[in-house]
Amino acid sequence: ISDDVARGMKAFEAGDTSGARASFEAALKKNPSDADALYALGLTDEKKGDRAAASGHYRDALKQKPDHEAAAMNLSALLIDEQKYEDAAGVARAGLAKHGDNGALRMNLAVALASKGDSAGATRELDEAAKKAPKDPMVHMTYGHWLGVWKQRDGAVKELLTAKSLANDDRGVVAQVGEELRLVGAVPECIAAFGRAIELQDAAELRTGRALCKLAAKDDAGALADLQAAVAKEPKYALAHYYLGGRFAAAAKWKECAFEYETYLKLQPDGAFAKQASARAKAAREKLGAKK
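(A) A look at the overall build of the chain. Within the chain one finds 17 helices and zero strands. Sorting the 292 residues of the chain into buried and exposed places 46% on the buried side. Summarising the internal contacts of the chain: among those between residues at least 6 apart in sequence, 43% fall at separations of at least 24. For the chain, the accessible surface area stands at approximately 14,800 Å², while carbon and sulfur atoms represent 50% of it.

(B) Summary view of the packing of helix H3 (residues 35-47) against helix H4 (residues 51-64). Two elements in contact, H3 and H4, have axes separated by 8 Å at closest approach and are oriented at 165 degrees. It follows from the interaxial angle that H3 and H4 lie roughly antiparallel. Considering only the axes of H3 and H4, their crossing is left-handed. From H3, Ala35, Leu38, Tyr39, Leu41, Gly42, Leu43, Asp45 and Glu46 reach across to H4, where they touch Ala53, Ala54, His57, Tyr58, Asp60, Ala61 and Gln64.

(C) Looking closely at the state of the cysteines. Scanning all chains against the criterion turns up one disulfide. Covalently, Cys190 is tied to Cys213 through a disulfide, its sulfur atoms 1.6 Å apart. Taken together, the residues Cys190 in helix H12 (residues 187-200) and Cys213 in helix H13 (residues 204-216) connect sequence positions 23 residues apart. By the burial criterion, Cys190 is buried, and Cys213 matches it.

(D) Main features of unusual backbone geometry. Of note in the backbone geometry, Gln83 takes a positive phi value of approximately 65 degrees without being a glycine. Considering the arrangement of structural elements, one finds Gln83 in the loop between helix H5 (69-81) and helix H6 (85-98). At Ala252, a position not held by glycine, the phi torsion is positive, near 60 degrees. Looking at the secondary structure, you find Ala252 in the loop between helix H15 (238-250) and helix H16 (254-267). Note on Ala252: relative accessible area 40%, which makes it partly exposed.

(E) Fine view of the nonpolar core. Phe24, Tyr58, Leu126, Trp150, Val177, Leu181 and Leu206 are the most contacted members of the largest nonpolar core, which has 69 residues in total. In terms of residue count, helix H7 (residues 103-115) provides more of this core than any other element does, eight residues in total. Those residues in contact with Leu206, other than ones at most four positions away along the chain, are Arg171, Ala175, Phe194, Ala197, Ile198 and Gln201. In terms of nonpolar packing, the next biggest core, distinct from the first, is built from 20 residues, Ala223, Leu227, Trp254 and Ala258 among them.

Here is what the cut-offs are and how they apply
Residues numbered from 1 in each chain as written. Predicted model: local features only at pLDDT ≥ 70, side-chain atom pairs only at ≥ 80, totals over all residues. Heavy atoms only, no water. Helix = DSSP H or I, 4+ residues; strand = E, 2+ residues; numbered from the N terminus. Buried < 20%, exposed > 50% of the residue type's maximum accessible area, 1.4 Å probe, protein only. Contact = heavy atoms within 4.5 Å. Areas by Shrake-Rupley, 256 points an atom, 1.4 Å probe, with all protein chains shown as cover. Axes fitted to C-alpha atoms, helices over the stretch in contact; angles between N-to-C directions. Parallel < 35°, antiparallel > 145°, perpendicular 65-115°, else oblique. Left-handed = near helix turned anticlockwise from the far one by under 90°. Disulfide = S-S within 2.5 Å. Core = buried A, V, L, I, M, F, W, Y, C linked by side-chain atoms within 4.5 Å.

Below you can see the structure in the form of structure tokens.
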């Protein structure tokens, strides 16, 4: 790695993206074939949200150095995000030919295969990833996610609980596990996972997630308590207001119901549930008028 690239990486890690970019460009002026500099420019592109430029720089890095491990990892991940699954699989496979023990490349290949409908191929890659990184919670969570998609509930729950146990104090991973458990209908496990995440750091999003699990468990009082705690803690978290509106509707508390749906609309006028919230707020107001 050149001195300019090393200097740029230090700046990048310190949050100085423009300074980092200047160093990487200086490296390329001295050596236009510098694969590390091309890869590093891709990093700065991603940082500023320019995925197309990032993909271009990662591809250029791989042209100059076909075994550039990090460029293959990042490019295959970007291609997955862009739903270019065939291309992503090709990049990941080429990387694995040079770096067979790279867990991230293995996972990228698995996700690309799964996303394009090759469950058998994805399963092989996920099995291999789990063998190579048995203590990586993200491997098990990804495996659990896809088993859930493939309607293999028992296997999904097993992998997701393994991910939870390996995550330790990583609140983000534990919360993701909770959401995946909710999606496969593992209700008590979902409640426990969100509970653990809340223990690590309380947040409205986590309270809302646990409330949805409690609703699935027919624990209406527990769901209401979590949603009320969520809006009290973070009044601008729109989803908590939306679901709280539903709880008030179930209790025929139309004034509170209308208020919560209207609050959701103020916070997210173009949100995913805006149409439903508008209709339900209107219905609640009509019920209030009829009541009077």
